[in-house]
Each structure stands twice: as structure tokens, then as C-alpha cells.
Amino acid sequence: MAAYLRDEHVTFPAVMRADAGAWSQATGRGIPNLMIVDTQTGKVVSSCYRGDEYVGPAVPLSVLESLSR
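Residues numbered from 1 in each chain as written. Predicted model: local features only at pLDDT ≥ 70, side-chain atom pairs only at ≥ 80, totals over all residues. Heavy atoms only, no water.

If you roll a probe as big as a water molecule over the atoms, it shows you where there is empty space left. Within this model, the largest pocket holds a volume of roughly 660 Å³. Surrounding the largest pocket, 22 residues form its lining, P13, A14, V15, N33 and M35 being those nearest its centre. Within the residue set of the lining of the largest pocket, elements represented by two or more residues are helix 1 (2–7) and strand 1 (35–37). Split into classes, the residues belonging to the lining of the largest pocket amount to 16 nonpolar, four polar and two charged. (1 Å grid on protein atoms, 1.4 Å probe; cavity = no way out; pocket = protein on both sides within 12 Å on 5 of 7 lines; lining within 4 Å. Points joined across faces, edges and corners; volume = space filled by probe spheres on them. Helix = DSSP H or I, 4+ residues; strand = E, 2+ residues; numbered from the N terminus. Nonpolar A, V, L, I, M, F, W, Y, C, P; charged D, E, K, R; others polar.)

Before going further, it helps to examine the environment of C48. Note on placement: C48 falls in the loop between strand 2 (44–47) and strand 3 (49–50). Distance from C48 to R17, taken between C-alpha atoms, is 14 Å for residues 31 residues apart in sequence. Those residues in contact with C48 that lie beyond four places of it in its chain are N33, L34, E53, Y54, V55, G56, P57 and P60. (Contact = heavy atoms within 4.5 Å.)

It is worth spelling out the environment of S68 at this point. Note that S68 resides in the segment after helix 2 (58–67). Distance in space between the C-alpha atoms of S68 and R17 is 27 Å, their sequence separation being 51 residues. Side-chain polar atoms of S68 contact the backbone oxygen of E65, separated by 2.9 Å. (Polar contact = N/O pair within 3.5 Å; in protein donor to acceptor, adjacent residues only side chain to side chain.)

To continue, consider the pattern of salt bridges. Applying the stated rule across the entire model yields two salt bridges. With a closest N to O distance of 3.8 Å, R6 and D7 form a salt bridge. The exposure classification of R6 matches that of D7, with both residues exposed. In this structure, E65 engages R69 in a salt bridge whose closest nitrogen and oxygen atoms are separated by 3.0 Å. (Salt bridge = Lys/Arg side-chain N within 4 Å of Asp/Glu carboxyl O. Buried < 20%, exposed > 50% of the residue type's maximum accessible area, 1.4 Å probe, protein only.)

Next up on the list: the pairing of strand 2. Pairing geometry for strand 1 and strand 2, over three bridges, is antiparallel. Each residue of the ladder has a partner; that of M35, found in strand 2, is S47. Between strand 1 and strand 2, which pair antiparallel in sequence order, lie six residues; one of them, G42, sits at a positive phi of approximately 80°. (Pairing = 2+ DSSP bridges.)

Let us now look at the packing of aromatic side chains. Taken as a whole and judged by the stated rule, the model has one aromatic pair. Ring plane angle 65° and centroid distance 5.2 Å describe the contact between Y49 and Y54, whose orientation is recorded as edge-to-face. Given a relative accessible area of 11%, Y49 falls into the buried group. (Phe/Tyr/Trp six-rings, centres within 6.5 Å; stacked < 30°, edge-to-face > 60°.)

Here it is, written out as C-alpha cells:
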């Protein structure tokens, strides 16, 4: 994971699945997984996964865009 973050110049916070606690339920089976987390409740608002199905980053990005309006 560290190599991926470095090689892809990732500048946002990243958490290993083993360290994700309750968030690990929203991680699916792959990386990367963009998750939008409500900072007040700590709950995952949106993710690149629905269960084990990868839906891609457009889903959480659209949620983030709607929240920023």
C-alpha cells in the first residue's frame, strides 16, 4: 500500500483495511477505494463499492459534489 500511495502521488488520507475498523465493511475487495466519511458521525456516506461490487469513484465523487453545494 505504501508503494502504491507513493507511486501514484496520493495526497489524501489513506487507511489500511486491517486498521479501518467499522469502515472496513465499506472497502470491498480491492484498492483503491474512495470513501466519503461523515466527520461528525464517522459513518461512511459513500464508497467505490456496494457490497463486493466495484462501482467506481464516480459514485462517491458525485455524493461529495452534492454535499459541497
